[in-house]
Amino acid sequence: MKYGLVVDDVAASQQWLSEALQTAFPGIELRCAGSIREGLALLQERAPDLALIDLGLPDGSGVALIEWCSEQAPQTHCVVASIFDDDEHIFPALRAGALGYLLKDQPVESIVLALRGIAAGQPPLSAAIARKVLMFFRGAAMAARDQSARAEADLTDEPLTAREHEVLVLIAKGLTMQESANMLGLTRNTVAGYVKTIYRKLNVSSRAEAALTARTMGLV
Amino acid sequence: MSWSPHTVQRRWPLAVLAALLLLLALVTGFSSKTLTLGREPAAHESLQAAVTEFSLDGSGRWESVELPDAWVNTRPKTSGMAWYRLQFDVKTPLDKPALYIPRWSMVGAIWWDGRLLEAPPRWDGESPRQLNYPRFHRLDPDFVTPGRHVVVIQLKAISGLHPGLSRVHLGEHDVLYSYFRRLDLWQAKPQQAIGIALFLLGMLVVGLSYAMRDRAFAFAGISMLLWAFSVYGWGSEVAWFGGDNWELYFYLARLSFPYLIGMFIFLYFRMTWRWLPVLMLLAWISVAVPTVLTWPQYFSIASSWIFGGTAVFFMSLLLASLLRGVQQRNTEAVIVSGVLIVAHSVGFHDLSWWAGKSNFAEPMLNQFGGVMLFGTLIVVVLRRYTRIQRELQGLNQELESRVARRTGEALRLAQEAERLNQARALQEERERIFRDLHDDIGAKLLTLAIGAGSPEQSNVARSALSDMRMMLSHSSQGPTPLAFLLADMRSEAASRLADAGLGFSWTAPDLPLDDPGPIFLPSAALDMSRVLREAVSNVLKHAGAGNVRMRVDWQPARIDFVVQDDGRGLAPAAQDPAAPAQAPGHGRRNMLTRVGRWGGEVNWSAPPEGGCVVAWHFPLMNICAAEALATPATQ
């Protein structure tokens, strides 16, 4: 991690996150933005390795920035830093392509640990999110079954593997990633890998939808 | 052929018994073998012929005969004219002489001493009238002088049918006329009255076909109208309809009767022989067309051959439907078929009577068969009509009660919708307040947490922020099922304890995610999470424990939580649950408040093996969303 971006409208919070980033990745180059407009300008200027993005920004939701990154700068790790932890905030962010979700009121040590974890490919996943993800794939599976005869069926969501499904169910039932790993006889890193794949598939599905829409609109 | 199963089945043996009694009365009532239509005067009131002779075809060969000549089959079976010659010996002159014949049959003419008293308009144009009329003639006193007088009566019949003549009375006008008038009043008119009554009933039944939208009634009604038409026509002294062919039309009307009644039976009892109406129509045509074409010369041939065949067809049909009705215990079918058979049998009787094959009862029983039949039909039809009316009333009442029930339901639903609307508005308002709180207060709390001078202040700010977030998330989620709530609680507790490096075990009902157990009120779910959170916080802050065991039990009436640690145990004051408010920690007081609010209890205890146990429970009755109470799965 050489270059990081912090987008937050609260100055204290901005500074605090910057400190956490510098602790986690010593020597990292940092830029800060207080709004979507500023953040977008910085992003366009140069895509960072890691972006910490608050969702409640004065000119809209940080999800827009995550979406921009997913489209224009896929190498950027987008991580949400928010004080919201409800599904209505978490889920759209993940669908937009966020690889992590941090609560800003955690002790700074936790934040630092989590930031290192994300960089190491260990994204967090809460039980509530796991349930929502399960529902999402179940709905997609049903839709795919309904539309199986259609030619664009191959464009619909990539289904979960049995292992990914197991991981999701355990987490949805409230187990931590470590516990799930113990239960499945895997390492924590492997489980984290599954979670990452799940996030990717979740994100891919929306891109597939976008591609489908673009095709039907005659754009591609 | 089959009867529709929805026809009524009721006390049919009684109905059959009644029909038999009716038949018996009819037969005995008309079994008098008299030719008298009008009443006969007493013996002393009139003068009888001294000599009565009969000659067939006016051959000039006279033979003696007794009056009444009652159509006994003693005559050769030839058609044409028959002559009666009566000789009266008048002893004393009569003031107002008159000739009274209570009954004659067929077409006839009378001469008094060679003077014509009455003759038909034509001898050859009409078929023989199968009816019987009384005759009454005033005579000129000058012609009725003492001495012998000859009365010649000529009657016409055609092959197979024979004329008949009652006694002939000569006497005073005033005496004989009273019998003739009585006859006029009591005998001739009632037949026409029957015709009129049948006509009105027929109209009623035709009306029913419109009222009940059932074509069966139209067929029954029209057949009654036609029957009434023929009865009225034959009961008339004068041909008032149809000119020279008047009898043909009346006859055709009666010929159509079996077909129409057959159609009525077919439709009314919903018979399933599809080709039956066609057969009946063919039978009707095979009778009606030859009758029209050969009228009047071959009338008798038609009656003996074609009519016989179709009569057998209809009779077989009726017998089949009668048997079927008995098999299926269908009262209506048995009654209607039975009465039709009786009516037709009466017709056979008449035919054989006129053909000279039988000498039982009167020759025109079929008139009464018709009355009997139509009377029965009316009863049956009205019975079904009233039954349908009753059913309709019943249906109507049921419909009304259903409408009332549905209306009540709709009102309740509307109230429910209104209540939900209000609840939704309340929820939206609450969420808006939370959002505002979050946006305005959240940022400030975060700033406080980050920039606090001491770790304690920072912790308070963090805790406030976390509380606010929980309130927000649970209040915006709506009712939460047990499995989801437990998952979230477990996940949070596990992360916190793991982060602090404590060992953790969790025992709880393992509910499938697609059948996640009872559903809790959002506010109750919030309190349940908060209580566990508080318990975990207490362990982290005060216990100095290395391991924490948590247990959740779901029972039909309550849900139990136990948190046990292996730390340093309880401070003495905290063991007294009576004084929780004085306990130093806000945490415990908070727990008591939140559990107590839902009718539950919290207990702290120190087990002998050390550490601390805190147990609490919530009564399900209070924390579940309405009608979401469920029983625990087998654990």
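Residues numbered from 1 in each chain as written. Chains lettered and ligands numbered in written order. Predicted model: local features only at pLDDT ≥ 70, side-chain atom pairs only at ≥ 80, totals over all residues. Heavy atoms only, no water.

**Notes on the overall build of chain B**
Here is the rule we go by: Strands are runs of DSSP state E lasting at least 2 residues, helices are runs of H or I lasting at least 4, and numbering of each runs from the N terminus. Three labels apply to residues, based on accessible area from a 1.4 Å probe with only protein chains included: buried if under 20% of the type maximum, exposed if over 50%, partly exposed otherwise in between. In what follows, a contact means two residues having at least one pair of non-hydrogen atoms within 4.5 Å. Per-residue and other accessible areas follow the Shrake-Rupley method at a 1.4 Å probe size, with only the shown protein chains counted as cover for residues.
The helix and strand inventory of chain B stands at 14 helices and 16 strands. Buried residues in chain B amount to 47% of all 635 residues. Considering only intrachain contacts with a sequence separation of at least 6, the fraction spanning at least 24 residues in chain B is 75%. With an accessible surface of roughly 31,500 Å², chain B has 60% of that area assigned to carbon and sulfur atoms.

**Thoughts on the interface of chain B and chain A**
So the rule is basically this: Throughout, the accessible surface (probe 1.4 Å) given up by two parts as they are put together, summed over both, is called the buried area. Here a salt bridge means any side-chain nitrogen of Lys or Arg lying within 4 Å of a carboxyl oxygen belonging to Asp or Glu. The term polar contact refers here to a pair of N or O atoms within 3.5 Å; inside protein, the definition further demands a hydrogen-donor-capable atom paired with an acceptor-capable atom, and it admits residues adjacent in sequence only when both atoms are side-chain atoms. Ten residues, namely Ala, Val, Leu, Ile, Met, Phe, Trp, Tyr, Cys and Pro, are considered nonpolar, four, namely Asp, Glu, Lys and Arg, are considered charged, and the remaining ones, Gly among them, are considered polar.
With 26 residues of chain B in contact, the opposing surface of chain A contributes 27 residues. Of all residues in chain B, the largest losses of buried area upon contact with chain A belong to R462(B), R469(B) and L513(B), amounting jointly to 26% of the total for that side. Between the two partners, chain B and chain A, sit three salt bridges. The residue D510(B) makes a salt bridge to K173(A) at a minimum N-O spacing of 2.6 Å. Across the chain B-chain A interface, the total number found is six residue pairs in polar contact (both at pLDDT 80 or more). Every element with two or more residues in the side of chain B that touches chain A is listed here: helix 9 (365-451), helix 10 (455-477) and helix 11 (482-499) of chain B. Of the residues contributing to the side of chain B that touches chain A, the split by class is eleven nonpolar, eight polar and seven charged.

**A short note on the environment of G34(A)**
All names here are of chain A. Take G34: it is sitting in the loop between strand 2 (29-33) and helix 2 (36-45). As for G34 and V6, which are separated by 28 residues in sequence, their C-alpha atoms are 8.5 Å apart. Excluding residues that lie within four positions of it along the chain, G34 makes contacts with D8, D9, Q14, L57 and P58.

**A word on the sheet that holds strand 13 (residues 547-554) of chain B**
Residues and elements named next belong to chain B. Where we set the bar: Should DSSP find at least two bridges between two strands, the strands are regarded as paired. Helix axes are fitted only over the stretch in contact, all axes being lines through C-alpha atoms; the angle between N-to-C directions runs from 0 to 180 degrees.
The five strands are arranged 11-13-14-16-15 in an open sheet whose pairing can be described as mixed. Since the sheet does not close on itself, it has two edges, and those belong to strand 11 (503-507) and strand 15 (601-605), each with one partner. Recorded for the sheet is a direction-independent mean angle of 10° between the axes of neighbouring strands. Where strand 14 (residues 558-565) and strand 16 (residues 612-619) come together, eight bridges link them in antiparallel fashion. Paired with V563 across the strands is V614, a residue of strand 16. Its contacts with the sheet place helix 12 (residues 522-543) against strand 11, strand 13, strand 14 and strand 16, and it is angled at close to 10° to strand 14.

**Looking at the confidence of the model for chain A**
When pLDDT is low, close inspection of the predicted coordinates is not appropriate. Test applied: A residue's pLDDT is the predictor's confidence in that residue, given on a scale from 0 to 100.
For chain A, the average pLDDT comes to 80, and 84% of its residues sit at 70 or higher. Low pLDDT, under 50, characterises residues 148-156 of chain A; the predicted model gives this stretch eight contacts beyond four residues in sequence or across chains.

**Remarks on the packing of aromatic side chains**
Residues and elements named next belong to chain B. Defined as follows: Pairing of aromatic rings covers Phe, Tyr and Trp, the last through its six-membered ring, and needs centres within 6.5 Å; plane angles under 30 degrees mean stacked, over 60 mean edge-to-face, and all others mean tilted. Only when the NZ atom of a Lys or the CZ atom of an Arg is both within 6 Å of the ring centre and within 35 degrees of the ring normal do we say a charge sits over the ring.
In the structure shown here, the tally under the stated rule is ten aromatic pairs over all chains. Taking the centre distance of 6.2 Å and the plane angle of 50° together, the rings of Y100 and F136 count as tilted. In this pair, Y100 is assigned in strand 4 (residues 97-105) and F136 in strand 7 (residues 132-138), connecting sequence segments 36 residues apart. An identical accessibility class is assigned to Y100 and F136; each is buried. An aromatic cluster of at least three residues, connected via ring pairs, comprises Y100, F136 and Y177. Over the face of the ring belonging to W62 we find R85, whose NZ or CZ atom lies 4.3 Å from the ring centre. Its guanidinium or amino end placed over the ring of F143, R115 lies 3.6 Å from that ring's centre, counting from NZ or CZ.

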